[in-house]
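Read off the chains here:
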Amino acid sequence: MSTATKPNHIGRKISRIRELKDMKQEALAQALGTNQQAVSIIENSETIDEEKLKEVAKALGVTVEAIKNFSDEAVINYFNNNYDQGTFNMGNHLNNCTFNPLDKVVELYERLVQAEKEKNEIFREIAKGK
């Protein structure tokens, strides 16, 4: 039995991240300014030069380190831990509302009432003219 570790296949990691982001090869190719075949070659490559890796990371919206350190096990643990605790949270900054939703509802209601008042005034003026 061999105890050799698996090679760090960057292309597979890129492929998995792309899939987790629900992105097609064509979309990644477009973001990179290339074609789908080139993305396929990248995803089948065990190593990728640093500049190309930076471009791919930017297109995927992740860091180079995120690609290099990506593992399916870490993703599974992340989701399991967050769902098990009932606190699935992609970062506090995404869940903090910068406005009070109730204020927005009131503001919208007030604008609708004002629009109705203006319509009624126009109808009154039309009715007086007849």
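Thresholds, definitions, all that
- Residues numbered from 1 in each chain as written.
- Predicted model: local features only at pLDDT ≥ 70, side-chain atom pairs only at ≥ 80, totals over all residues.
- Heavy atoms only, no water.
- Helix = DSSP H or I, 4+ residues; strand = E, 2+ residues; numbered from the N terminus.
- Contact = heavy atoms within 4.5 Å.
- Salt bridge = Lys/Arg side-chain N within 4 Å of Asp/Glu carboxyl O.
- Buried < 20%, exposed > 50% of the residue type's maximum accessible area, 1.4 Å probe, protein only.
- Core = buried A, V, L, I, M, F, W, Y, C linked by side-chain atoms within 4.5 Å.
- Axes fitted to C-alpha atoms, helices over the stretch in contact; angles between N-to-C directions.
- Left-handed = near helix turned anticlockwise from the far one by under 90°.
- Polar contact = N/O pair within 3.5 Å; in protein donor to acceptor, adjacent residues only side chain to side chain.
- Patch = residues over 30% accessible without salt bridge, like charges linked within 9 Å, V, L, I, M, F, W, Y side chains within 5 Å.
- Areas by Shrake-Rupley, 256 points an atom, 1.4 Å probe, with all protein chains shown as cover.
- Arc of directions from axis to C-beta.

Draft legend 1. Region of interest: the overall build of the protein. For the protein, the helix and strand inventory stands at 8 helices and 0 strands. Going from the N terminus to the C terminus, the protein shows its helices and strands as α-α-α-α-α-α-α-α. The long-range share in the protein, meaning contacts at least 24 apart out of those at least 6 apart in sequence, stands at 58%.

Draft legend 2. Structural context of the pattern of salt bridges. Across all of its chains, the model carries 8 salt bridges by this definition. One salt bridge in this structure joins K68 and E50, with 3.3 Å as the shortest N-O distance. Here K68 is found in helix α5 (residues 64-68), whereas its partner E50 is found in helix α4 (residues 50-60), with 18 residues between them in sequence. When the shortest N-O distance is used, the salt bridge between E55 and K52 registers 3.5 Å. Of this pair, E55 and K52 both sit in helix α4, separated by 3 residues, roughly a single helical turn. On the basis of relative accessibility, which here comes to 38%, the residue E55 falls in the partly exposed class. Overall, K52 belongs to the partly exposed group, its relative accessible area being 25%.

Draft legend 3. Layout of the nonpolar core. Grouped together as the largest cluster of nonpolar side chains are 18 residues, with contacts concentrated most on I14, L28, L32, L53, V56, L60 and I67. Among the elements that make up this core, the one with the highest residue count is α4 (5 residues). In this structure L53 touches I10, I14, I48, V64, I67 and K68, once residues within four positions along its chain are discounted.

Draft legend 4. Representation of the packing of helix α2 (residues 25-32) against α4 in the model. Here α2 crosses α4 at 115 degrees, and the two axes come no closer than 9 Å. α4 is crossed by α2, and the crossing has right-handed handedness. Contacts between α2 and α4 pair L28, A31 and L32 from the former with E55, V56, A59 and L60 from the latter.

Draft legend 5. The environment of N44, seen in detail. If you trace the backbone, N44 turns up in the loop between α3 (36-43) and α4. The spacing of N44 and K13 is 31 residues in sequence and 9.9 Å in space, taken between C-alpha atoms. Within the structure, N44 has its side chain in polar contact with the backbone oxygen of S40 (distance 2.9 Å).

Draft legend 6. Layout of a nonpolar patch on the surface. Together, L102, V105 and V106 line one region of the surface with nonpolar side chains, adding up to about 270 Å² of accessible area. When its relative accessible area of 57% is taken as the criterion, L102 is described as exposed.

Draft legend 7. Broad picture of α4. For α4, the full list of buried residues reads L53, V56, A57, A59 and L60. Considered in projection along α4, the buried side chains sweep an arc of 160 degrees and stay on one side of the axis. Of the surrounding elements, those touching the buried residues of α4 are α1 (10-20), α2, α3 and α5. Capping the start of α4 is the job of one residue whose side-chain oxygen sits 3.2 Å from the backbone nitrogen of E51: D49. Trailing α4 by a residue or two, G61 shows a phi angle of about 75 degrees, which is positive.

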